[in-house]
Amino acid sequence: AGLGLSCCIFPACALPMSSDLPPLSERIFLVTGATDGIGRLTAMLLAKQKCTVLVHGRTPSKVERLVSELQRHSPNSYGFLAYLSDLE
C-alpha cells in the first residue's frame, strides 16, 4: 500500500512511485524560499532531475545567481521575486 506520495527527491527515501504520474522531467515545481537552505537544495535536486523549476526569493541577486546555476542542469528554470510573508 502506497503512502499517496508520488516521489521523493532525497536518495535515502524509498517511497513508491505512482505509475500514472508523468516522469519528474515532465513536471513543473515551484520552490518558495529557494535562495537558501533546504529550499535551495530542493531546487538544485529538482533541476538535476531535469524538472521545470520555478524558484521564489526576495533578493534579486540571489534569485539571479540561483537561476543561473539551475539552468546548467535544467534550462527550464525561472526565478520570481515576491514578498510572500505580507500579502496585503
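Everything discussed here concerns the structure shown above.
As the structure is a prediction and not an experimental result, all values here were calculated from the model.

Caption draft 1: How the structure looks around the side chain of R27. Among the secondary structure elements, R27 is positioned in the segment before β1 (28-31). For the buried R27, no salt bridge is present, and the opposite-charge side chain at shortest range is E26, 7.7 Å distant. Among the polar contacts listed, one links the side chain of R27 to the backbone oxygen of P22, at a separation of 2.8 Å.

Caption draft 2: Expanded view of the packing of helix α1 (residues 37-48) against helix α2 (residues 60-71). Packing of α1 against α2 leaves a shortest axis separation of 9 Å and a crossing angle of 25 degrees. Considering their axes alone, α1 and α2 lie roughly parallel with respect to each other. Seen from above, α1 lies across α2 with right-handed handedness. Across from R40, A43, M44 and A47 in α1, the residues of α2 making contact are L66, E69 and L70.

Caption draft 3: Spatial organisation of the nonpolar core. Counting 14 residues, the largest nonpolar core has V31, A34, A43, V53, V55, L66 and L70 as the members making the most contacts within it. Looking at this core, the elements that each hand over two or more residues are α1, β2 (52-57) and α2. Look past the residues within four positions of L70 in its chain and what remains in contact with it is A43, M44, A47, V53, V55 and S77.

Caption draft 4: Molecular detail of the pattern of salt bridges. A complete count under the given rule lists two salt bridges for this structure. Residues K62 and D36 are paired through a salt bridge, measuring 3.1 Å at the closest nitrogen-oxygen approach. One end of the pair, K62, is in helix α2; the other, D36, is in the loop between β1 and α1, and 26 residues separate them in sequence. Assessed through its relative accessible area of 29%, K62 is described here as partly exposed.

Caption draft 5: Structural detail: the pairing of β1. Pairing analysis gives four bridges linking β1 to β2, with the strands arranged parallel. Paired with F29 across the bridge in β2 is V53. Read from β1 through α1 to β2, the crossover connection turns out right-handed.

Caption draft 6: Summary view of the environment of T52. On the secondary structure map, T52 appears in strand β2. Along the chain, T52 and I28 lie 24 residues apart, while their C-alpha atoms are 4.7 Å from each other. Here T52 is in contact with R27, I28, F29, S74, N76 and Y78, once residues within four sequence places are set aside.

The rules we used
Residues numbered from 1 in each chain as written. Predicted model: local features only at pLDDT ≥ 70, side-chain atom pairs only at ≥ 80, totals over all residues. Heavy atoms only, no water. Helix = DSSP H or I, 4+ residues; strand = E, 2+ residues; numbered from the N terminus. Buried < 20%, exposed > 50% of the residue type's maximum accessible area, 1.4 Å probe, protein only. Lys, Arg positive; Asp, Glu negative; His and termini not counted. Salt bridge = Lys/Arg side-chain N within 4 Å of Asp/Glu carboxyl O. Polar contact = N/O pair within 3.5 Å; in protein donor to acceptor, adjacent residues only side chain to side chain. Axes fitted to C-alpha atoms, helices over the stretch in contact; angles between N-to-C directions. Parallel < 35°, antiparallel > 145°, perpendicular 65-115°, else oblique. Left-handed = near helix turned anticlockwise from the far one by under 90°. Contact = heavy atoms within 4.5 Å. Core = buried A, V, L, I, M, F, W, Y, C linked by side-chain atoms within 4.5 Å. Pairing = 2+ DSSP bridges. Right-handed = clockwise from strand over helix to strand, strands pointing away.

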